[in-house]
Amino acid sequence: MKRICTVLILFSLVIGGFSQDGNLKTQTYFRVGYSMPTWKYYGMDGKSDWQDGTKRVGGLFEVGNIFMLNAIKLAPGMRIGINVDYLSIDYNQFKINDQTYDFFYGGSKIGPSFSYSPVKHLVFDTYFKINPVWVSGALQPATHNTEDENDFYLGFMGLKYSVGLNVRYSVLMMGFEFNPGNVKMRWLSKDDGGLTDDYYGNANDNGKKTPVPNMHFTLGLSF
């Protein structure tokens, strides 16, 4: 008898989780999180390429929407949508011995999403997004001069991608995301007073693109 009651309760929760037509509500969210640069940052092949004791940290802030395309009918509680991050700000830092290497990015993201709500208030979102990087920068110990000043690199071109999963319960949102891709940054010369043709590049070649893959762990509110 207890098992039957348990099954009936669970069934009623599932049925009660959706509106009559199975639609899901468009969401507006903001979130913050921990942005962990991978060991393949800067074109490295892995952890063994970095010095022993290298530390890495980072942070993330995003504001966006998940627009549910309820006109495209799927099973109750299942909907596809368009996921847009209007603003995505990412910061990463590597600390090697007493020296720090700082990176920041500002961009947007857009792509398709799939949402599934098995019970009331609980929703899982998966997504793939293109992430144009509008501005990027790097601050590192000086290599272009003998003065005790950091070198600054600045760029306005970059393209990354995002593959991730959100878990939403009521207004709470928790997520994980893998965010690979590249940016282009040029050295800002203090003597010339402008950007030069000296690109940041990467560890394994002299190309213009700098690989900057990250893993993001986020918490936020979604309405």
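Think of each chain on its own: its residues are numbered from 1, step by step along the sequence as written. The predicted origin of the model limits local features to residues at a pLDDT of at least 70 and limits the giving and counting of side-chain atom pairs to 80 or more, whereas totals for whole chains, interfaces and linings rest on all residues. Where side-chain values are given, they derive from all heavy atoms of the structure, hydrogens and water being excluded.

A.B. asks: Tell me what's going on with the side chain of His-216, and back it up with residues and numbers.
C.D. replies: Numbering of helices and strands runs from the N terminus; a helix is a DSSP stretch of H or I covering at least four residues, while a strand is a stretch of E covering at least two. Structurally, the position occupied by His-216 is in strand β11 (residues 214-222). Any residue under 20% of the maximum accessible area for its type is buried, any over 50% is exposed, and the rest in between are partly exposed; the area is computed with a 1.4 Å probe on protein chains only. Judged by its relative accessible area of 1%, His-216 falls in the buried class. Polar side-chain contacts of His-216 include one of 3.3 Å to the side chain of Ser-35. Within the local environment of His-216, its side chain forms a polar contact with the side chain of Asp-90, the two groups lying 3.1 Å apart. The contact rule is simple, with two residues in contact once any of their heavy atoms fall within 4.5 Å. Ignoring sequence-local partners within four residues, the contact set of His-216 consists of Tyr-34, Ser-35, Leu-60, Asp-90, Lys-109, Gly-175, Phe-176, Glu-177 and Asn-179. Under this definition, polar contacts are N or O atom pairs within 3.5 Å; protein pairs additionally need one hydrogen-donor-capable and one acceptor-capable atom, and for neighbouring residues in sequence, both atoms have to be side-chain atoms.

A.B. asks: How would you sum up the confidence of the model for the protein? Please name residues and give values.
C.D. replies: Per-residue confidence from the predictor is given as pLDDT, running between 0 and 100. Predicted confidence across the protein gives a mean pLDDT of 89, with 88% of residues reaching 70 or more. Taken together, the stretch residues 4-20 has pLDDT below 50 and engages in 12 contacts with residues farther than four places along the chain or on a different chain.

A.B. asks: Please set out the nonpolar core residue by residue, giving values where relevant.
C.D. replies: Within the largest apolar cluster, 16 residues are counted, with the highest numbers of intra-cluster contacts made by Tyr-41, Trp-50, Phe-103, Tyr-105 and Met-185. Where this core is concerned, the elements lending two or more residues are β3 (78-96), β4 (99-119), β5 (122-140) and β8 (181-189). When residues of this core are assigned to their parent elements, the largest contribution, three residues, is made by β8. Leu-24, Tyr-29, Met-68 and Met-173 belong to the second-largest nonpolar core, a separate cluster that totals five residues. Grouping buried Ala, Val, Leu, Ile, Met, Phe, Trp, Tyr and Cys residues that are joined through side-chain atoms within 4.5 Å yields what is termed a nonpolar core.

A.B. asks: If you had to explain the packing of aromatic side chains to someone new, which residues and values would you point to?
C.D. replies: Pairing of aromatic side chains requires ring centres within 6.5 Å, counting the rings of Phe and Tyr and the six-membered ring of Trp. Pairs whose planes differ by under 30 degrees are stacked, by over 60 edge-to-face, and all others tilted. On inspection of all chains with the given rule, the structure shows nine aromatic pairs. Ring centres of Tyr-41 and Phe-94 lie 5.1 Å apart, and the angle between their planes is 55°; on these two criteria the pair is classed as tilted. Residue Tyr-41 is located in the loop between β1 (27-37) and β2 (55-68), and its partner Phe-94 is located in strand β3; the two are separated by 53 residues in the primary sequence. Since its relative accessible area comes to 1%, Tyr-41 is described here as buried. For the pair Trp-50 and Phe-94, a centre-to-centre distance of 4.4 Å together with 5° between the ring planes defines the contact as stacked. Placement of the pair is Trp-50 in the loop between β1 and β2 and Phe-94 in strand β3, with a sequence separation of 44 residues. Site record: aromatic cluster; members linked through ring pairs are Trp-39, Tyr-41, Tyr-42, Trp-50, Phe-94, Phe-103, Tyr-153 and Tyr-200. In this structure, Lys-160 is placed above the aromatic ring of Tyr-105, and the distance from its NZ or CZ to the ring centre is 5.3 Å. Lysine and arginine charges are scored as sitting over a ring when NZ or CZ, respectively, is within 6 Å of the ring centre and within 35 degrees of the ring normal.

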